[in-house]
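Listed below are the residues making up each chain.
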Amino acid sequence: ESNFGSAYARNKGIELAKGRFLAFLDSDDIWYSEKLSQQISFMLKGRHSFSFTSYNKINENGAEIGANLVENNIVEYSDLLYTNSIGCLTVILDLEVLGKKYFMPLIKKRNDYALWLTLLRNGNKAYGLPKVLASYRFRKSSLSSNKFDVIKYQWEIYRFHQHFSILKSIYYMIFYAYYGFKKTYNN
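About the thresholds
- Residues numbered from 1 in each chain as written.
- Predicted model: local features only at pLDDT ≥ 70, side-chain atom pairs only at ≥ 80, totals over all residues.
- Heavy atoms only, no water.
- Phe/Tyr/Trp six-rings, centres within 6.5 Å; stacked < 30°, edge-to-face > 60°.
- Helix = DSSP H or I, 4+ residues; strand = E, 2+ residues; numbered from the N terminus.
- Buried < 20%, exposed > 50% of the residue type's maximum accessible area, 1.4 Å probe, protein only.
- Lys NZ or Arg CZ within 6 Å of the ring centre and 35° of its normal.
- Salt bridge = Lys/Arg side-chain N within 4 Å of Asp/Glu carboxyl O.
- Lys, Arg positive; Asp, Glu negative; His and termini not counted.
- Pairing = 2+ DSSP bridges.
- Core = buried A, V, L, I, M, F, W, Y, C linked by side-chain atoms within 4.5 Å.
- Contact = heavy atoms within 4.5 Å.
- Expected span 1.5 Å × (residues − 1).
- 1 Å grid on protein atoms, 1.4 Å probe; cavity = no way out; pocket = protein on both sides within 12 Å on 5 of 7 lines; lining within 4 Å.
- Points joined across faces, edges and corners; volume = space filled by probe spheres on them.
- Nonpolar A, V, L, I, M, F, W, Y, C, P; charged D, E, K, R; others polar.

Visitor: How would you explain the packing of aromatic side chains if you had to name every residue and give the values?
Guide: Following the criterion strictly, the structure yields 12 aromatic pairs and no others. Arranged with centres 6.3 Å apart and planes meeting at 70°, the rings of Tyr55 and Tyr136 form a pair that is edge-to-face. Placement of Tyr55 in strand β3 (residues 50–58) and of Tyr136 in strand β7 (residues 126–137) is noted, with a sequence separation of 81 residues between them. We classify Tyr55 as buried; its relative accessible area is 10%. Over the ring of Phe160 we find Arg159; its NZ or CZ atom is 5.9 Å from the centre of that ring. Over the ring of Phe164 we find Lys168; its NZ or CZ atom is 4.3 Å from the centre of that ring.

If you want it as structure tokens, here you go:
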């Protein structure tokens, strides 16, 4: 009855999940009809417990406004510290391998990214399928649209979830800002 935010809702989904594979889809995003079959086949064939795909960005009316393409087929913890290249709507996790011991921190933004970092910090790798299998709806009023606010949450990830020193956090924030700027102006 109350809105506790996306992290709470996603954690409730993780807690209640009964199947082998777990995927996330927000109400305004779109999975293509072949997403689950192609991605799970990719995971089973490669024995991957964590996978993600490329995706299109669409505006509020459904018009394509860019894409986030898989650039690295394998993403490790050190890669993800510089920029989040993994869209939540594209992720599938194999709970048979990973278990249900991982949850998103209860923060307003970047909770999915914090979970990816935790999974990768614990020795897992994320495997990218370079096919566009979903569309992410970008809304001007969405939580992720205010870039200055996102920077605050990114800082929180480095300082309080990764427990980095101030200098190490500044180091990664510089790269985060660089890659964010590059992504924004290349699309």
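Once you've had a look at it, read on.
Visitor: Outline the pattern of salt bridges, supporting the account with residue identities and numerical values.
Guide: Summed over the entire model, instances satisfying the criterion amount to 4 salt bridges. Notably, a salt bridge pairs Glu15 with Lys12, separated by 3.5 Å at the nearest N-O pair. Separated by 3 residues within a single helix, Glu15 and Lys12 lie in helix α1 (residues 6–16), roughly one turn from each other. Note on Lys12: relative accessible area 36%, which makes it partly exposed. Within this structure, Arg20, Asp94 and Glu96 form a network of salt bridges that share partners.

Visitor: Describe the side chain of Asp112, listing the residues and the values that go with them.
Guide: Looking at the element boundaries, Asp112 is found in helix α5 (residues 111–121). The charged side chain of Asp112 is buried without a salt bridge, its nearest counter-charge being Arg10 at 4.6 Å.

Visitor: Any chance you could break down α5 for me, citing the residues and the numbers?
Guide: Counting buried residues in α5 gives 9 out of 11 residues, a clear majority hidden from the surface. Restricting attention to buried positions, one finds in α5 the residues Asn111, Asp112, Tyr113, Ala114, Leu115, Trp116, Leu117, Leu119 and Leu120. Just downstream of α5 lies Gly123, where phi reads positive at about 95°.

Visitor: I'd like a rundown of the pairing of β3, residues and numbers included.
Guide: Of all 9 residues making up β3, 9 are buried, and the element is well covered by its neighbours. Judged from the 2 bridges that link them, β3 and strand β6 (residues 92–94) form a sheet pairing that is antiparallel. Pairing of Ser51 across the sheet is with Ile92, part of β6. Relative to β7, β3 runs parallel, the two sharing 7 bridges. What sits directly across from Asn56, in β7, is Ser135. Here β3 runs beside strand β4 (residues 64–68); their pairing, made up of 4 bridges, is antiparallel. Counterpart to Ile58 in the pairing with β4 is Glu64. Between the end of β3 and the start of β4, which pair antiparallel, lie 5 residues, with Gly62 showing a positive phi angle near 90°.

Visitor: Give me the nonpolar core: which residues, what numbers.
Guide: Among the nonpolar cores identified, the biggest contains 36 residues, and Phe24, Phe50, Ile86 and Trp116 are the most heavily contacted of them. At the level of secondary structure, the elements contributing two or more residues to this core comprise α1, β3, α3 (77–80), α4 (95–98), α5, α6 (147–161) and α7 (166–186). Beyond its immediate sequence surroundings of up to four residues, Phe50 is in contact with Met43, Ile86, Val91, Ile92, Leu93, Trp116, Leu119, Leu120, Lys125, Ala126 and Tyr127.

Visitor: Could you give an account of helix α2 (residues 35–46), with specific residues and numbers?
Guide: Spanning 12 residues, α2 covers 16 Å between terminal C-alpha atoms, matching the ideal 16 Å at 1.5 Å per step. Buried positions along α2 lie against β1 (21–23), β2 (30–31), β3, β6 and β7. Residue Arg47 follows α2 closely and has a positive phi angle near 55°.

Visitor: Requested: an account of empty space enclosed by the protein, with residues and values cited.
Guide: Summed over the entire model, instances satisfying the criterion amount to 1 cavity of 30 Å³ or more. There is about 40 Å³ of room inside the largest cavity. If you go around the largest cavity, the residues you meet are Ile14, Leu22, Leu93, Leu95, Leu98, Gly99, Lys100, Tyr102 and Leu119. Taken together, the residues that form the lining of the largest cavity break down as 7 nonpolar, 1 polar and 1 charged.

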